Amino acid sequence: MRSFKESNLFQAWLVLLLATAFGAALAGIQTKLGPVIEANKTRETLAKIPALVLGEDPAAALASQKKSLSITLRTIEIERNGVKKFYTVYDAFFEDGTLAGYVAKASGQGYADKIELLLGLDTEGKTITGLFILDQKETPGLGNRIIEKPWRDQFLDQASATRLVVGKGNPGKANEIDAISGATISSRSVTGIVNNTITDIKAQLVIPPKEAAEKPAPPGNETGKIKENT
Amino acid sequence: MRLFKLKGFPGTGNFRHGIHPPDNKALSDESKVEVMETPEAVTLPLLQHLGVPCKQIVKPGQTVRYGEMIGAGEAFVSASLHSPIAGKVKRVNVVTLPNGRHLPAITIHADGDQIPPQKLWDEMRSKDWPRDCISIYDPLTIVKIIHDSGIVGLGGAAFPTHVKVTPNDTRMIDTLMINGCECEPYLTCDYRLMKEAARAIVAGALLTGRAVSAKEIVICVEDNKPDAVKKLTEATEQTVIKIAVLKTKYPQGSEKQLIKSVLGLEIPLGGLPSDVGVAMSNVGTMATVARGVIKETPLTHRVISVSGRGINTPKNIFVPIGISIEAVINFCGGITKNAARIIAGGPMMGFSFSDLSAPVTKGTSGITVLTHDEISDEKETPCIRCGRCVDACPMNLVPTRLALAARYNNPSIASQYHIHACFECGCCSYVCPAKINLVQLIRTGKTLVAAWANR
Amino acid sequence: MADSPTPFERFVQGILPENPVYRQLLGLCPTLAVTNGMKPALTMACSVGFVLLCANIVISLIRNLLKPHLRIVIFTLTIATFVTIADRFLAAYFFQMSKTLGPYIPLIIVNCIIICRCEVCASKQGVVTAASDAIGQALGFGLALSSIAAVREILGTGMLFGIRVLPDAWPDWVIMVLPPGAFITLGLLLGCVNWIGILKARRSAK
Amino acid sequence: MMYLLDILLISLTAALINNFVLYYFVGICPFVGVSRKVEMAFGMGCAVTFVISIAALISWSITTMVLIPGAPVSSFIAGFFLPEQAAAKIDLTVLSYIVYIFAIASSVQFVEMYVRKYFPMLYGSFGVFLPLITTNCAILFACLTIMSHVTGVDNPADAWDLGRAIALAFFGGVGFTIAIVIMSGIREELELADIPEPFQGAAITLIIGGILAIAFMGFTGVDSGIRDALMPPVEKQVSTIISPQADILSNPSTFAALDILSHVRRP
Amino acid sequence: MILVTLFIAAGTMLVMAVILSYILGWANKKFKVEVDSKIESVLEILPGVNCGGCGYLGCSDYAVAIVTDNVPVNKCTVGGEPCAVSVAGIMGVEVGEMIPIRAIVHCGANANDRLQSTPYRGEKRCNAAHLVAGVQGCTFGCLGFGDCVRSCNYDAIHIVAGLAVVDYKHCVGCGACSKVCPRKIISLKGFPEEMIPTVACSNRDKAKDAKAVCTKACVACKACSKISDIFIITDNLSACDYDAYSAQNHEDALKSMEKCPTNCIHFIGKPK
Amino acid sequence: MSDTTKTQEPMTPSGSTDERGAALIHVAPSPHIKDAAAHTQRIMTDVILALLPIIALSIYLFEVYAIKQLSICVVACMGSEFLFVKMRGKSLTLKDCSAVVTGIIIALSLPGSAPWFVGVLASVVAIGIGKIIFGGLGMNIFNPAMVGRAFVMIAFAQLLGAASYENVTGLVDAVSGATPLSALKFNGVSMETAALFWGMTNGSLGETSSAACLLGGLFLVFRKTASWQIPAGILLSVVLIAGITDIAGSHSGLLLVHHLFGGALMFGAFFIATDPVTSPLTPRGKWIFGLGTGFLIMIIRLFSGYPEGVMFAVLMMNAVTPLINRWTNPLPMGEA
């Protein structure tokens, strides 16, 4: 008995007790808060989707009518240069089940760190309907101006068939995105991500209308409901 | 990078870094050595050399002859002291030497028959110094005579000469170098001596060379003293002595730099010239050795130069050791009105002092009196780390770092940057655009490091 | 050792005389990282306060059971638990803020303030003293954080709590919300605090 | 090749571009506290680099083996109680902080005791820093970064493997060492400087840190630059030469020529 | 599922705790290094200013010396008696008698009293000026550039009219000033009383030489030693035998002070 | 530490000062003579002289903008030096002209179009954070002018552009008026070599003309006011790296010429990197410093988001200068 009292484990009984108790407590807290956090994460993305596929004003109008889009989620898997890549794509449907557009979540290297963005495309995947930067750590005052609306709006209505290029000095020219002064790299990164995403997912993006029609309209009408489509 | 080779020697005649201050030797280099009459009194400090003070062996009231030993150098690194005049010993008092040493001194009042100093000087500059009969002197006898004559290095440091020439089994001497560079500005005593008493120097060099059994004897002179070179060349004809003519550059006369210039050798840090097989001595010392060995007269007189624009008539004079500096200055017409600083030695490494009653010692190579125009009086500004001191330091140190370390009481940085290698030549202070007293700070840094090392 | 201070003294000590940031130079990582705005700064201060309080109380309760070689392990375990709770709570109810603060919330675990208070105070004092010490330190930390954040946010963006306070003509000093601005602001403020201290000491000496 | 480039970029980013100390503000306490002497700073840096690598190894293993949903260990045990699909969803990432710090604290303590016993000389020179390392945010930060690259990725292919994790940790430690050694060099220099009294010590250190951070900002984007240089994007840049007017100096519209420049772009 | 998660979480932590605490416990025994806990507790009591007044490199060095070499516990002049008592408590030894140790400047000459001073251009520091001859005639006395002032951490020594003067209200006897003085005229002495007599001169030259450089120099006239035997003349300089001084011979000392022809006997210390 | 804090007012024994007139014998440590030609003020005047061609050319090119910028920066630098030195209670140091030099270099390294407060802030930061906080001239670790410039470059990145953009004549808008380097880097547009060399391009006031910088720089080098090792090292490593890149990318010399003459390289190499205070002491250290600066300049120019890297490279090398000094601590004669 004495030897047990001297043993290392007995000496550390407090640690064992605390560790077990804390572990269990944390897991308990997680079971309570986990779903809330998950919901937060998805809500952040989903809340943006109407504006991205419809444009800001129609989205606002839709919201004022207390209507919403129903959204399904799927993963597009492609292989480029022998590397597998996955894209999360949200398909947005009107209440009547007609397709409103697609939103793809994409990410890539920016100037400072990863840039994560949402890219809205129309039902045929031919025109960009919206761009939103979810996450970035670009230089404040320079690179982080990519989150500003006027700059992002340059992407609107650009055709997805041709690659976009970054230029300087003549806004309005087709396929040209005006670089933010002093932050050419950030501008280029975003444009590059958009280009790559479109190239990658173009083939698999558009759901044939037939299939789309087959898709059962989601039961609830609230935004934020997801159907997992694995 | 060896740009050229010193003719006939392995060195380049040059060393790295160093400076070119205006030498101002023209003030006194044309004035022949004058002889001062025997003064009324001389004051002889018991420590005029590096090492242990000599022991007083006369009592107050005692009468002494010319050349009588009054202080015995009993320790190995010590030198005896001889009376330069005949007279009566007065009380023993204290004296503060220009280098800051505060020590007891014997005062002798002239009394009785004096040997005229002019006779001593004439003897020195006469042409009949032997060159060929050197071999009659036994090396050990030479060493003993050097020891008994109280001969020390007359270049400034006053290191007892017998220590250098005493045979040492572990360190064989290959080369005896006679230093006639006199790189200090203003000073011309060695120059005059080389010009007027070249024969005595050569005789002394041969004697010393024999004492240390040197294979080679070299007299080193800077190339701004062509007359001295000429005289020495004449005097060394048909002897083994070679003459090396070196670039004029300060501090060419420092032993480490001189050995580097002539032989291309570097003395290891903390070492002595004997570590590379060299013995070095000043030209004045050689003349004294010759006098001591051949004429059997001890070191009682020396040539000093009194120069600078603060002196009315700059001169080179032959004076008894122990004469007060005041008397010397008065002999040279006194100081001018705008004199600002009186220096024992040259302006680069000499010590300034104010007490004119201090005596001329064996190590006093000159008195330089500078005026306000000659000294820099500008206020110190911050160090801008321009690195000029680094480019000037003949020891390849970083003086600014050492000085700042001393100023901010940081002995560890000071020793890390080899403060002990500095020999205080003053090049860094001379070139410093911020007018920082680098040498003084380094000097205090050394005491700091010493205190720190034996905490 | 001197007499143990009363809970109230402990409380007051933490705010200014022993301010964790300005006086003890503890917890500098969050001080620099999250002070580019008032909101994240205050959130951070609250989180630290919560963790500090809880950890101090728990450690104070079990202070007599600690073994020397396992002391630090127990401290960190306790702290990490409360930090996780704070982190999850923020993620659940203040999602944007939790995203902004990023890894700096979990880094509270290694915030020296907390370990230091556990070591110095909680493991030696009673619960009440430990708790009031924690609150005092947390207030001091909050004070320091908000002072730095105020300077940085006003100069860097012309705003305070996200509301424009400077005229529009004010050119934003972007550097103030970037890493260099954090270092320089804290350095200068620290210098100012020291300066005031020196002036005070001089006055009292006279 | 791609993998090597990835490792290279992760290392570069961790060591220089997003330096732990100067960009993420982790490890500030030792950066301010232990940067008086170069030797000490270097010792601290080495100790941190050593511990950070060990911690990364442990935390990566635990994360991928136990914590993440579908991790082998946790789903194996859960498999006894739950259907396979549900078992693969057991998510223990909530435990990550407590597990990491537990692992760091004990490994630091272990290393300290070990070194103290068997390498007293080494302990004398850098062992004194070991206890400090527990509260060095850099270590936990590296673990957290690794976790975020293991769990929070959309593409399973992007999840970091052990090599990347160790690269990040090790070079993060190297970056920390670089920063603290530079700082200590500067502070040694400042021993010989006349710094205003209020700024002596931590304040000046922080301000120097600020200037260093400015200097290190010069590296931002070097990683993407190198990636582009080594793996150039498909588009190719074509250079076009424009000569300004010969008598440009005398021409009042000197910069009209430049106006042309802006209209020339890549095809 | 929730239960299972809870169970696995707790289990993971338990397993980890078991493994790690076992290893740590094992390591704690295996790698135990014996450290004398006394050293640490002594170090805790010492003031920690590392002034070196005790003669050791710093507080920790002194702590090691106390514990391992049985060095007297009363050497810390900064902590004084309370510190010594606490340390003695730990060590279980008797405290030696604590006489407060203070610095004494053995020079009493103001700038005006010094003869033969020469203007000095160079670093305005004692250790620099000391190496230049003739800054002042007396080679023993205070240079007055205040190296001691800069070295003092207690603001206890000041230059007054070119002379270093100790402020006994603040002096703790750490000895920093005596270490930096290039002329070694500051010494540390025990103060058995609040005020003690001292000979404020260090000039060891004969009367004539000393008088030539200073009006306040001790001329070794023996006036003091004739009255009071606490003054002893060696090397042309009178010195106070501080150990012999006590309240009993206070009167004699006062008389000596009045008799001194050059006024170089002073009473120093904390005024009552 | 107590050294600086407790220093009392001048503690001189009376008699050591010169109350009794100047023509008095005094004592002082050796050496007793000093080089009258060596003087801090003269070094600074030399730098100002060497800057004259660049100033002249910038005034010629940018007219009133250059004059405005120069006067703002010089006045602000001197003003803040005055203010901060007063705050520290030290004696004034304006006479050494170092503040003027800092002011001119800041002005020349900023684009002329910069608003007034940019120059003022840069100057205040340069003198305050770059210099006085370290204890004043000679104590600073970083080049004050570069600290000031870096501060405003990052603070007002939007106003100034990440590189220095110039907008003097109004003929080009701010965005498109790119410097030769940024034009090359971001748009693949290059300029004619002669224009680059003589300075008929866009950029900060001082960095446009390599010819003027070379002229002034060589003057400094020949006067030995600036060390030759640093510019040599910088130019050597830039030529090497840019040359290799050029050959590898088959730019037929364009890239090399742009990197040599297109940016602030010459200005930086001769006027900024050679700042004696912030560069190493020994010749060997200076070589390392120069080569390192050149290397970093090219790394930043080629790979980072900034088209110009001189400022960052100099700051970084300033930071490692103490370490370089430590490593290149020369062995004294006899120990080598």
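Computed from a predicted model, the values in this text were never measured in an experiment.

Further remarks concern the overall build of chain A. Counting its secondary structure elements, chain A contains eight helices and eight strands. Looking at chain A residue by residue over its 230 residues, the buried ones come to 48%. Taking the contacts inside chain A whose residues are at least 6 apart along the sequence as the reference set, 50% of them involve residues at least 24 apart. Summing over all exposed atoms, chain A offers an accessible surface of approximately 10,900 Å²; the carbon and sulfur share of this is 54%.

Attention now moves to the overall build of chain E. Along its length, chain E carries 10 helices and eight strands. Taking 19 Å as the expected radius of gyration for a compact globule of 272 residues, we find that chain E reaches 28 Å, considerably beyond that expectation. For chain E, the spread of C-alpha atoms along the three principal axes comes to 105 × 50 × 30 Å. Residues classed as buried in chain E amount to 51% of the 272 residues present. For chain E, long-range pairs separated by at least 24 residues make up 60% of all intrachain contacts whose partners lie at least 6 apart in sequence. Carbon and sulfur atoms form 56% of the exposed surface of chain E, whose accessible area is close to 12,400 Å².

All names here are of chain A. All chains considered together, the criterion is met by 25 aromatic pairs over all chains. Here Trp 151 and Phe 155 contribute two aromatic rings whose centre-to-centre distance is 5.3 Å and whose plane-to-plane angle is 70°, an arrangement assigned as edge-to-face. A residue is classified by how much of its surface remains accessible, and Trp 151, at 7% relative accessible area, is buried. Looking at Phe 155, the relative accessible area reads 0%, which means it is buried.

Moving on: helix α1 (residues 117-125) of chain B. Considered for burial, the residues of α1 of chain B that qualify are Pro 117, Leu 120, Trp 121, Glu 123 and Met 124 of chain B. Along the axis of α1 of chain B, the buried residues cluster in a sector spanning 155°; they form a single face.

Quoted interface sizes are often the accessible area lost when the parts come together. The interface is formed by 43 residues belonging to chain F together with 68 residues belonging to chain B. Taking both sides of the interface into account, the surface hidden between chain F and chain B amounts to around 4,800 Å²; carbon and sulfur atoms contribute 56%. Considering only the surface of chain F that becomes buried against chain B, His 32, Lys 34 and Met 333 of chain F emerge as the three largest contributors, covering 18% of it. Seen at the junction of chain F and chain B, the total is 21 residue pairs in polar contact (both at pLDDT 80 or more). Of all elements in the fold, only α1 (2-5), α2 (40-62), α14 (283-303) and α15 (310-327) of chain F reach the threshold of two or more residues within the side of chain F that touches chain B. Class assignment for the residues of the side of chain F that touches chain B results in 22 nonpolar, 13 polar and eight charged.

Below, the discussion takes up the sheet that holds strand β17 (residues 366-371) of chain B. Residue and element names in this part refer to chain B. Across the sheet, which stays open at both edges, the six strands sit in the order β1-β14-β13-β17-β15-β16 with mixed pairing between neighbours. Two strands in the sheet have a free side with no partner beyond their single neighbour: β1 (33-35) and β16 (351-353). Sheet twist, expressed as the mean angle between neighbouring strand axes with direction ignored, is 30°. One ladder, built from three bridges, connects strand β13 (residues 301-307) with β17; its direction is parallel. Bridge pairing links Ser 307 to Thr 368 in β17. Relative to the sheet, helix α4 (residues 189-196) contacts β1, β13 and β14 (315-320), its axis offset from that of β13 by approximately 125°.

Turning our attention to the pattern of salt bridges. Inspection of the entire model under this criterion finds 37 salt bridges over all chains. Notably, a salt bridge pairs Lys 215 of chain B with Asp 174 of chain B, separated by 2.8 Å at the nearest N-O pair. A residue pair is termed long-range when its members are at least 10 positions apart, and Lys 215 of chain B in the loop between α5 (198-212) and β10 (216-222) and Asp 174 of chain B in the loop between α3 (161-165) and β9 (175-180) qualify at 41 residues. For Lys 216 of chain E, the salt bridge goes to Asp 113 of chain E, with nearest N and O atoms at 3.0 Å. Of this pair, Lys 216 of chain E sits in the loop between α8 (207-213) and α9 (223-227) while Asp 113 of chain E sits in the loop between β1 (101-105) and α5 (126-129), and the two are 103 residues apart along the sequence.

As a further point, take unusual backbone geometry. A cis amide bond, omega -5°, links Tyr 250 of chain B with the succeeding residue Pro 251 of chain B. Along the chain, Pro 251 of chain B falls in the loop between β11 (242-246) and α7 (255-263). You will see that Phe 25 of chain D, though not glycine, has its phi angle at about 60°, which is positive. Checked against the element boundaries, Phe 25 of chain D lands in the loop between α1 (2-17) and α2 (28-33).

In this section: the side chain of Ser 210 of chain F. Residue and element names in this part refer to chain F. Position of Ser 210 relative to the elements: it lies in helix α10 (residues 210-222). Under the relative-accessibility criterion, Ser 210 is labelled buried at 1%. Polar side-chain contacts of Ser 210 include one of 3.1 Å to the backbone oxygen of Phe 261. Residues within four places of Ser 210 in sequence aside, it is in contact with Leu 196, Phe 197, Leu 260, Phe 261 and Met 266.

Domain boundaries assigned for chain E yield domain 1 (37-91) and domain 2 (101-269). Centre-to-centre, using C-alpha coordinates, domain 1 of chain E lies 30 Å away from domain 2 of chain E.

Residue and element names in this part refer to chain B. Counting buried positions along strand β15 (residues 339-344) gives six out of six residues, so the element sits mostly inside the fold. Note that β15 and β17 share five bridges and pair antiparallel. In the strand pairing of β17, Ala 344 is matched with Ile 367. For β15 and β16, the ladder comprises three bridges, and the chain directions are antiparallel. Each residue of the ladder has a partner; that of Ala 344, found in β16, is Phe 351.

By size, the foremost hydrophobic cluster in this structure holds 317 residues, and its most contacted members are Leu 95, Phe 102 and Leu 212 of chain D together with Leu 51, Phe 134 and Phe 142 of chain F. The contact partners of Phe 102 of chain D, leaving out residues within four places of it in the chain, are Val 15 and Ala 19 of chain A, Val 73 and Leu 77 of chain C together with Met 13, Met 16, Ala 17 and Leu 20 of chain E. Grouped together as the second largest cluster of nonpolar side chains are 69 residues, Val 33, Tyr 66, Leu 206 and Met 286 of chain B included.

As a further point, take a positive patch on the surface. Residue and element names in this part refer to chain B. Among the surface-exposed residues, Lys 32, Lys 127, Lys 230 and Lys 231 lie close enough to one another that they form a single positively charged patch. With respect to the element layout, Lys 127 can be found in the loop between α1 and α2 (139-148). You can call Lys 127 exposed: its relative accessible area is 64%.

The subject of this paragraph is the pairing of strand β6 (residues 231-234) of chain E. In this sheet, strand β7 (residues 237-240) of chain E lies alongside β6 of chain E in antiparallel orientation, the contact comprising four bridges. Among the inter-strand pairings, Ile 233 of chain E is bridged to a residue of β7 of chain E, identified as Ser 238 of chain E.

Residue and element names in this part refer to chain E. Looking at chain E, the pLDDT average stands at 83 and 94% of residues meet or exceed 70. Within chain E, helix α2 (residues 37-45) has the poorest average pLDDT of any element, 77, and strand β3 (residues 163-166) the best, 91. Here the prediction assigns the complex a pTM of 0.86, and the interface score ipTM is 0.85.

Take Tyr 408 of chain B: it is sitting in the loop between α11 (399-407) and α12 (411-416). The spacing of Tyr 408 of chain B and Gly 445 of chain B is 37 residues in sequence and 9.6 Å in space, taken between C-alpha atoms.

Our next topic: the sheet that holds strand β2 (residues 41-45) of chain B. Residues and elements named next belong to chain B. On the basis of which strands lie adjacent, the open sheet formed by four strands has the order β2-β8-β7-β4 and antiparallel pairing. Every other strand in the sheet has two partners, leaving β2 and β4 (63-64) as the edge strands with one partner each. Where β4 meets strand β7 (residues 87-96), two bridges bridge the pair, whose relative direction is antiparallel. Looking at the pairing, Val 64 lines up with Gly 87 of β7.

It is worth spelling out the side chain of Ser 109 of chain F at this point. Assignment of secondary structure puts Ser 109 of chain F in helix α4 (residues 98-109). Beyond its immediate chain neighbours, meaning those up to four positions away, Ser 109 of chain F contacts Met 146, Arg 149, Met 153, Ser 204 and Phe 267 of chain F.

About the criteria used
- Residues numbered from 1 in each chain as written.
- Chains lettered and ligands numbered in written order.
- Predicted model: local features only at pLDDT ≥ 70, side-chain atom pairs only at ≥ 80, totals over all residues.
- Heavy atoms only, no water.
- Helix = DSSP H or I, 4+ residues; strand = E, 2+ residues; numbered from the N terminus.
- Buried < 20%, exposed > 50% of the residue type's maximum accessible area, 1.4 Å probe, protein only.
- Contact = heavy atoms within 4.5 Å.
- Areas by Shrake-Rupley, 256 points an atom, 1.4 Å probe, with all protein chains shown as cover.
- Rg over C-alpha atoms; globule rule 2.2 N^0.38 Å.
- Phe/Tyr/Trp six-rings, centres within 6.5 Å; stacked < 30°, edge-to-face > 60°.
- Arc of directions from axis to C-beta.
- Buried area = accessible area lost by both parts, 1.4 Å probe.
- Polar contact = N/O pair within 3.5 Å; in protein donor to acceptor, adjacent residues only side chain to side chain.
- Nonpolar A, V, L, I, M, F, W, Y, C, P; charged D, E, K, R; others polar.
- Pairing = 2+ DSSP bridges.
- Axes fitted to C-alpha atoms, helices over the stretch in contact; angles between N-to-C directions.
- Salt bridge = Lys/Arg side-chain N within 4 Å of Asp/Glu carboxyl O.
- Domains from an automatic or database assignment.
- Core = buried A, V, L, I, M, F, W, Y, C linked by side-chain atoms within 4.5 Å.
- Patch = residues over 30% accessible without salt bridge, like charges linked within 9 Å, V, L, I, M, F, W, Y side chains within 5 Å.
- Lys, Arg positive; Asp, Glu negative; His and termini not counted.
- Charge placed at Lys NZ, Arg CZ, Asp CG, Glu CD.
- pLDDT = per-residue confidence, 0-100.

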